[in-house]
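An overview of the molecular structure
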There are 8 protein chains.
Amino acid sequence: MTRQGDGGQAAAALDLGYARVDTDRESRQGLPEVVYGPGKTAGQIRGIVTGLLTHNAGPVLVTRLDEETAAAVGEAVPGGRYDAASRLLVWRPAPTPARAFRVTVVTAGTADLPVAAEALGVCRAVGLAADVVADAGLDRVLAVRDRLQASDAVIVAAGMEGALASVVGGLVRCPVVAVPVSSGYGAGLEGVTALLAMHASCAAGLTVVNIDSGFAAAMAVHRIAQIAEGRR
Amino acid sequence: MTRQGDGGQAAAALDLGYARVDTDRESRQGLPEVVYGPGKTAGQIRGIVTGLLTHNAGPVLVTRLDEETAAAVGEAVPGGRYDAASRLLVWRPAPTPARAFRVTVVTAGTADLPVAAEALGVCRAVGLAADVVADAGLDRVLAVRDRLQASDAVIVAAGMEGALASVVGGLVRCPVVAVPVSSGYGAGLEGVTALLAMHASCAAGLTVVNIDSGFAAAMAVHRIAQIAEGRR
Amino acid sequence: MTRQGDGGQAAAALDLGYARVDTDRESRQGLPEVVYGPGKTAGQIRGIVTGLLTHNAGPVLVTRLDEETAAAVGEAVPGGRYDAASRLLVWRPAPTPARAFRVTVVTAGTADLPVAAEALGVCRAVGLAADVVADAGLDRVLAVRDRLQASDAVIVAAGMEGALASVVGGLVRCPVVAVPVSSGYGAGLEGVTALLAMHASCAAGLTVVNIDSGFAAAMAVHRIAQIAEGRR
Amino acid sequence: MTRQGDGGQAAAALDLGYARVDTDRESRQGLPEVVYGPGKTAGQIRGIVTGLLTHNAGPVLVTRLDEETAAAVGEAVPGGRYDAASRLLVWRPAPTPARAFRVTVVTAGTADLPVAAEALGVCRAVGLAADVVADAGLDRVLAVRDRLQASDAVIVAAGMEGALASVVGGLVRCPVVAVPVSSGYGAGLEGVTALLAMHASCAAGLTVVNIDSGFAAAMAVHRIAQIAEGRR
Amino acid sequence: MTRQGDGGQAAAALDLGYARVDTDRESRQGLPEVVYGPGKTAGQIRGIVTGLLTHNAGPVLVTRLDEETAAAVGEAVPGGRYDAASRLLVWRPAPTPARAFRVTVVTAGTADLPVAAEALGVCRAVGLAADVVADAGLDRVLAVRDRLQASDAVIVAAGMEGALASVVGGLVRCPVVAVPVSSGYGAGLEGVTALLAMHASCAAGLTVVNIDSGFAAAMAVHRIAQIAEGRR
Amino acid sequence: MTRQGDGGQAAAALDLGYARVDTDRESRQGLPEVVYGPGKTAGQIRGIVTGLLTHNAGPVLVTRLDEETAAAVGEAVPGGRYDAASRLLVWRPAPTPARAFRVTVVTAGTADLPVAAEALGVCRAVGLAADVVADAGLDRVLAVRDRLQASDAVIVAAGMEGALASVVGGLVRCPVVAVPVSSGYGAGLEGVTALLAMHASCAAGLTVVNIDSGFAAAMAVHRIAQIAEGRR
Amino acid sequence: MTRQGDGGQAAAALDLGYARVDTDRESRQGLPEVVYGPGKTAGQIRGIVTGLLTHNAGPVLVTRLDEETAAAVGEAVPGGRYDAASRLLVWRPAPTPARAFRVTVVTAGTADLPVAAEALGVCRAVGLAADVVADAGLDRVLAVRDRLQASDAVIVAAGMEGALASVVGGLVRCPVVAVPVSSGYGAGLEGVTALLAMHASCAAGLTVVNIDSGFAAAMAVHRIAQIAEGRR
Amino acid sequence: MTRQGDGGQAAAALDLGYARVDTDRESRQGLPEVVYGPGKTAGQIRGIVTGLLTHNAGPVLVTRLDEETAAAVGEAVPGGRYDAASRLLVWRPAPTPARAFRVTVVTAGTADLPVAAEALGVCRAVGLAADVVADAGLDRVLAVRDRLQASDAVIVAAGMEGALASVVGGLVRCPVVAVPVSSGYGAGLEGVTALLAMHASCAAGLTVVNIDSGFAAAMAVHRIAQIAEGRR
């Protein structure tokens, strides 16, 4: 494991040959490195996860993991919990504190639910108090306005034209993170249209993450929650 | 002037050398050919307009005309009326009938006003009862819901992400024609994002016309009005 | 089921957890919400359909449904009729009135037939008198001109370059709704070329819906028919 | 001025004919509506600003304003302050509180300075404690790591390939908002490449706003600051 | 001037420093090299043209030349003839033989005339019998069918959706070369939509050249005419 | 079978319900309609082919047909010959005349062979004397220059960057039809890069057809051959 | 086998019918032609490889070969060695000289390993001393700076936003060849975003090869090594 | 001026407020930082250049500078030399050593000359022996083959379809750096087509830099030359 002296610019890394695990990230960013599952073998994931569990103290997450690989990894590294809807495998989830940061994940339709599930799962694993409001289409979103306005942050998962993000952005004063979803067909261009539309939105202060990345949205909210808690 | 016999598949056309004026269109589609101004000299426009005024009976329109050319044409062919906001030059506008078809042109912001002006001007020139509701952003559109619901058709001119079209589409039962506007910057891609987003919209039955084409939207409504009147 | 008082801006919605059914849409737009099939389980569809059949009175449609799911849903909710060509599952189709609105669905080639079938099925389910004219390529469309000119609205389903829409738009005076189709290969860019070409068309008043969406075209015509009937 | 009762879903709006001023936004979102300058006449801006100053209590901003129009508006509505670098015209800037939210705006090169200036100006106008670290290219960013890590939020304005955002995202634990900048040439595609690259970034929890929009980034941080302050 | 022996693979070239004039092309392809005007000074063009007039015997053409440069070149190299509509400067045009190859250049609208003028001018300069049929829109093209069917080749210059090329392709049996034109706006994407649509066309055997290149179309027809004459 | 009188603009068409067979095309364009296989059932193809064999006298082709469907159709309609490499099913191929039009099909690599096979097969079926020169990469094309220069037309099938078309275009004086091929990966964008590059080529008079369409290239050459023969 | 005399411009080629093997390339470029595997049958590959082994003396490589075809070819042409990770089949690999050119292949994440394996395998097969540094993400790259700075050339394989190439480009003075990788999802656009970002990079002198082409990067380094060795 | 101790990861930087001059780059990469001119004032450039001249010993370059700014900077910082063709302003150019690295810059046409001039100027300023071969189109490149094969590296500047790079790549064994040029029109997409085509090229080992960046190509060659010299 390389480690540098007082200069310290080079993060401590556990070199596994096929991967260099950034064991320093927890102290630097408040959360251990999260493992992106696709393209890694069960053996590789086991190695990385074991390294993180050993060298770090916080929650350890693997994302976008299919059930079969999850079973193999889970057997090899006990204590993990897999959720098929969010495709997340989690060890040592953070407890939700008494006055937790409240996140609402809103979806425009049922096709956005898998993305919302990932956002929800990651939020909860890192100690945020998160809930989903499903299928809050444009003509149904006003019905849940109170829940949105009571949130500390809102994640909007929306495919098609992504207009729900603009509408929610205009209803609440808290941070809104938009996730374009690749559902739909034709002119939706597999999420690219929603991504561009969310950027072009007239709702001031809306921010956007990558297509289908419930994970990225949850991590953005985690950063916000950390700073908000730090200032208390 | 070519004219074919009973077969009649070839539309009658007045051949001016630089243009073939489709004098038959009035009987075929209920409105004389409309002249697209850009790229034509004042002399060419004069020739085409004179041909239309001579061989047809209804309103004659020139679109997207700059003031200078409009002045030259207007002097050469009396009776026309130019409006700088809509860039339209019109002869023999149709009278608005007693129980006219009611069109509301809605804009998402002030940047959409030139496109709305063209739609308004064309609607009125062909005998529709049209009005503009300006700057009806997402958080202001509910305030004008009653006016929208009292319309026979709604034209939505919206740039940026074009979400206003989706919202209006969910509020009214009448036909909604969306015009993407090339205002905005960056991810708006000069109207292409709005065009794609309007197509990907979840509002069922929304139709879309070309970027910035208030003219095309008005003509689509004109087709609808003709069929609605014809069925009375 | 949330319901708001006199303000009423928030549509009544039946909250099923995985979906919020907009039971108010029938009174607002003249037709119950239509269920988009892909990505929903048979159980979810059954729940939504049952809600719509209970709280609404008009036709209930599920679109883009594969045969297997259709069979499961159809068994659970009796009275539905499935059509494999259009992939539609329909309960309580509207009767076609004596002097029904006449819609002609035109295709440019046999590859456009599935899209045409969806348009046809939706039109008929909502009470329009619809027929298909198949394979009316550019050099064959004049042969069916009379049928087109006798229509109250025309839907054109065309892939490749989409030129049929321009040609039809120049032949008839009624509303023309163009559906770009993702058939073809190479430069057709899975329907994007046809979509852009239809927008750039010189046929005034042509409107366009999303790629392959026979449903959207039918709903656009349904809006037109409603307003035309309302004005009678 | 329309105002609705207890329902209140329709935001109060001051209808000026050419614009509907959302005077309710201050109470709903903590800041009066911000006026987007381009495409509006000095007279229109004067009208909107006067309405906001009258009906709201907080800071009033006009963005992307050229010097000439700013001078005309400034003369008509006294008390405003114009800054040419940020193209902002501001009335009643918010005071910076004792323990203000600290924002660092980082640029990748000097070409990003105008975008940074807008972000800086808006941050300061709404009461945040903001500073710029200019030209912190990839090989120079480690030298300012301490300043970045002492921030409550970081805004990264970067053109070309936008890699600075990824690097900063890996250095700090606070929220990072990336602004793609349209500087550069060729493969930069006027900012589109940077926008896409920032989304594809491996730095977890990075969020992105529209190309060149220092304003959007500042507003995103304003939302974060509000929630952080509210939780204190 | 480099010249190679019997191997001869390297074309003879006159090296002017700023340009290498392919003096061998006339014997290889039946026509001297054509000079593309933009980006060259009058002095450079004079040098190249003088070289071609000296070493070759056939027509010498400069394309896309503005009037000012044309005047300067024309003065320096006598015998040339400039045509402002086609922006062509031509020396030693080929005579039109008794039984010349007949080319018809068709345009979809008046905006396509400059492209048609270039095609026409190049055709005539190389000895083809060419004429223009202007503004033959979709609903007017049947009126000129006889002229099209009497041609040995047809060039179609069409912007917007380019549908005219498909229609003409279905009417005639001779070669049809389509030139997409960058006229129009919005979804026309400066000619790219027409280019793609012409390729996706259902008219079998249609070929396409670069956007706005009347020159390329004329040269394609020149190749065809050469082979047709050679087989006589 | 619809047939119109003296006007005759509407092509004679055999209406099969699912397809309208353009039986008039043979007299209009010198070749019966060619059947595009994908998306049609064996039964539909049988119906169309039978119609063409009955009402027309020339070769009948079905393109892009998989082996299984070909077998089914071939059994139902005797006399056809299927070639798996070109995916063509052909009845009544035209005899190759004594002094046939000579076509050379050149490929840039072995990945282009299927496209070349289709071009070759169609050429031969319509009576042209065609051959393939395979794998004539940039550094190997000079070795086959003589064969190219002895051709009446050259078809270049090339993927990747499509540069072979430019090189061939500079070597021969006869018509060159370029077919972009979707082989390769990454920046080749499934043939779109080759298509654009072929259009941007500096080889004057090169024409281009749709990606992977050996058929379209062969039909373009067929048009050329017809006119060349007609002029003999 | 065609061979030309003193002119020699046409490379010697072994014509196999389905392929023309450029046996002259070894003398011209210092390495026999490399065989691209996809789309070729085992029989075709055997023929080409046999030709290369017979007429050339250096290493013979087949790229992107699946295991099954590799087994068939390997059996038919003894002496080859297949590596499943790099999908390379190699005969007669070049020996690594004493003072070999040192290449370091760096990857941004484990998803880039297959591309790195191809680069590594090709480098070694042509006699370069190559090693891989895996998973050197932005926050881990400084830890391997010394290894990078001790290299004669660096290949960076990076997907997502490709920022690692920029960072490495700023750390070393030797040539850096960037390979965009098609891993990732959404805004990564299958490697296109990384390709564009690498080009827009601020790291001076970075060069880029095609998406996923470890082979192209290795060949670029091979050219550099040849020239560097030649100058010794 | 920040400077770090033994850790040294943070490059020494001269902080001018508007810019952070990377004075450490000369020792790290063998050449002082090069100043990109556009968007910087004469005063800013003077400040940066003065810093570089003071803290570094090698050549100092400003790129893409217009004549007016160059004159102002040149007056303020004596000793610089401006070249209008390359838009370069250079102080302390490196001497060309006796056995200098030989670079040939090839252009496909005269429109590529400005890009070639920048490449040439930068090469010479950093001590390489560079020359330009202008207008070496596809059919003229063989005539200069000997000059190309005598080079240590070749830079190819080519617009349109960029095929010259593929051809040159097949002729020489040395490194070839391709610069796509934004000349041409239509399907050239302002250099994007050439960029993609160069990447898709079949010439193994070709590398590519950003559109129009003669500077980037020269810097890539400088890296190669450094490593080649270092190994001598």
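Once a new chain begins, its residue numbering starts again from 1 and follows that chain's sequence as written. Just so you know, chain letters begin at A and ligand numbers begin at 1, following the order they were written in. Per-residue local features of the predicted model are confined to residues with pLDDT of at least 70, and side-chain atom pairs are confined, for both listing and counting, to 80 or more; whole-chain, interface and lining totals are unaffected and use all residues. Water and hydrogen atoms play no part in the side-chain values, which are based on all heavy atoms of the structure.

Brief notes about the overall build of chain A
Test applied: Put simply, DSSP marks the helices as runs of H or I at least four residues long and the strands as runs of E at least two long, and each gets a number from the N terminus on. The atom set for the radius of gyration is the C-alpha atoms, and the globule formula is 2.2 Å times the number of residues raised to the power 0.38. Only protein chains enter the area calculation, which uses a 1.4 Å probe; residues under 20% of their type maximum are buried, those over 50% are exposed, and those in between are partly exposed. Working definition of accessibility: Shrake-Rupley area with a 1.4 Å probe, residue cover restricted to the visible protein chains. Under this rule, positive means Lys or Arg and negative means Asp or Glu; His and the chain ends count for nothing. Every charge is mapped onto a representative atom, which is NZ of Lys, CZ of Arg, CG of Asp or CD of Glu.
Regarding its fold elements, chain A presents eight helices and 11 strands. Relative to the compact-globule value of 17 Å for 232 residues, chain A shows a C-alpha radius of gyration of 18 Å, a close match. Overall size of chain A, expressed as C-alpha extent along the three principal axes, is 55 × 40 × 30 Å. Scored against the burial criterion, the 232 residues of chain A give a buried share of 65%. Summing over all exposed atoms, chain A offers an accessible surface of approximately 7500 Å²; the carbon and sulfur share of this is 52%. Charge-centre separation for chain A: the mean point of 20 positive side chains lies 7 Å from the mean point of 22 negative side chains.

Quick look at the interface of chain D and chain A
Threshold: The contact rule is simple, with two residues in contact once any of their heavy atoms fall within 4.5 Å. Using a 1.4 Å probe, buried area is obtained as the accessible area two parts lose upon being combined, added over both of them. The salt bridge definition used is simple: a Lys or Arg side-chain nitrogen within 4 Å of an Asp or Glu carboxyl oxygen. We define a polar contact as two N or O atoms separated by no more than 3.5 Å, with the added condition that, inside protein, one atom must be a possible hydrogen donor and the other a possible acceptor, whereas residues neighbouring each other in sequence contribute only through side-chain atom pairs. Throughout this entry, Asp, Glu, Lys and Arg are counted as charged residues, while Ala, Val, Leu, Ile, Met, Phe, Trp, Tyr, Cys and Pro are counted as nonpolar. The remaining residues, Gly among them, count as polar.
Contacts between the two partners involve 48 residues from chain D, matched on the other side by 48 residues from chain A. For the pair chain D and chain A, the two sides together bury roughly 3800 Å², of which 49% comes from carbon and sulfur. For the pair chain D and chain A, the interface holds zero salt bridges. In this structure, the connection of chain D to chain A is made through 23 residue pairs in polar contact (both at pLDDT 80 or more). Contributions of two or more residues to the side of chain D that touches chain A are made by α1 (25–29), α6 (163–171), β10 (176–180), α7 (192–199), β11 (207–208) and α8 (214–231) of chain D. When residues of the side of chain D that touches chain A are assigned to their parent elements, the largest contribution, 12 residues, is made by α8 of chain D. Of the residues that constitute the side of chain D that touches chain A, the class distribution is 22 nonpolar, 15 polar and 11 charged.

Description of the relation of the copies chain D and chain A
How we decide: Residues below a pLDDT of 70 in either copy are left out; the C-alpha atoms of the rest, at least 70 in both, set the least-squares superposition of the copies.
Turning chain D through 180 degrees and shifting it by 0.0 Å along the axis lays it on chain A, with an RMSD of 0.0 Å. What we have between these two chains is a two-fold relation. Interface overlap between copies is the fraction of interface residues in one copy that are interface residues in the other; for chain D against chain A it reaches 100%, indicating a shared surface.

Regarding the pairing of strand β4 (residues 60–63) of chain E
Every other side chain in a regular strand lies on the same face of the sheet, so the side chains alternate between the two faces. Residues and elements named next belong to chain E. Applied cut-off: Pairing between two strands is assigned when DSSP locates at least 2 bridges connecting them. With the strands aimed away from the viewer, a crossover counts as right-handed if its path from the first strand over the helix to the second runs clockwise.
Here β4 shows two buried faces, one formed by Val-60 and Val-62 and the other by Leu-61 and Thr-63. Strand direction decides the pairing type here: strand β3 (residues 35–36) and β4, joined by two bridges, are parallel. The partner of Tyr-36 across the bridge, within β4, is Thr-63. Taking the sense of rotation as the criterion, the β-α-β connection linking β3, helix α2 (residues 42–55) and β4 turns out right-handed.

Thoughts on the relation of the copies chain C and chain A
Overlaying chain C with chain A gives an RMSD of 0.0 Å, the required rotation being 90 degrees about an axis along which the chain moves by 0.0 Å. One copy is carried onto the other by what is essentially a four-fold rotation axis. Ranked by how close their C-alpha atoms come to the rotation axis, the residues of chain C are headed by Leu-189 of chain C, at 7.8 Å.

Thoughts on the interface of chain C and chain A
Interface size, as often reported, equals the accessible area lost upon joining of the parts. Contacts between the two partners involve 21 residues from chain C, matched on the other side by 14 residues from chain A. Summed over both sides, the interface of chain C with chain A buries roughly 1500 Å², with 55% coming from carbon and sulfur. Three residues stand out in chain C for area buried against chain A, namely Arg-20, Tyr-36 and Asn-210 of chain C, and they jointly supply 33% of the buried area on that side. Connecting chain C to chain A are zero salt bridges. Linking chain C with chain A are six residue pairs in polar contact (both at pLDDT 80 or more), by the criterion used here. Counting only elements with at least two residues in the side of chain C that touches chain A, the list comes to α1 (25–29) and α7 (192–200) of chain C. Across the side of chain C that touches chain A, the residue classes break down as nine nonpolar, five polar and seven charged.

Details of the packing of aromatic side chains
Rules: Centres within 6.5 Å are what make two rings of Phe, Tyr or Trp a pair, Trp counting through its six-membered ring; a difference in plane orientation under 30 degrees is then read as stacked, over 60 as edge-to-face, and the rest as tilted. Note on criteria: charge over ring means Lys NZ or Arg CZ within 6 Å of the ring centre, with the direction from the centre no more than 35 degrees off the ring normal.
What the rule picks out here adds up to eight aromatic pairs over all chains. Where Tyr-36 of chain A meets Tyr-185 of chain G, the ring centres are 6.2 Å apart and the plane angle is 25 degrees; that geometry is what we call stacked. With Tyr-36 of chain A in strand β3 (residues 35–36) and Tyr-185 of chain G in the loop between β10 (176–180) and α7 (192–199), this residue pair bridges two chains. With a relative accessible area of 26%, Tyr-36 of chain A lands in the partly exposed category. Arg-64 of chain F extends its terminal NZ or CZ atom over the ring of Tyr-185 of chain C, reaching a point 3.8 Å from the ring centre.

Regarding the environment of Leu-189 of chain B
Along the chain, Leu-189 of chain B turns up in the loop between β10 (176–180) and α7 (192–200). Along the chain, Leu-189 of chain B and Glu-67 of chain B lie 122 residues apart, while their C-alpha atoms are 28 Å from each other.

Section: the confidence of the model for chain A
Do not read the predicted coordinates in detail wherever pLDDT is low. Residue and element names in this part refer to chain A. Operational definition: pLDDT: the predictor's confidence for each residue, scored from 0 to 100.
Averaged over all residues, the pLDDT of chain A equals 91, while 94% of them reach at least 70. Low pLDDT, under 50, characterises residues 1–10; the predicted model gives this stretch 22 contacts beyond four residues in sequence or across chains. For this predicted complex, the interface confidence score (ipTM) comes to 0.93, while the overall pTM stands at 0.94.

Thoughts on the sheet that holds strand β3 (residues 35–36) of chain F
Residues and elements named next belong to chain F. For clarity, the cut-off: Note on definitions: angles span 0 to 180 degrees between N-to-C directions of axes, and those axes are lines fitted to C-alpha atoms, for helices only across the stretch in contact.
Taken in spatial order, the four strands of this open sheet run β3-β4-β6-β5, and their pairing is mixed. In the strand order of this sheet, the two ends are held by β3 and β5 (81–83), each with one partner. Sheet topology places β5 next to strand β6 (residues 88–91); three bridges connect them, and they run antiparallel. Looking at β6, one finds that Arg-81 is bridged to Val-90. Contacts from helix α2 (residues 42–55) reach β3, β4 (60–63) and β6, with the element oriented near 155 degrees to β4.

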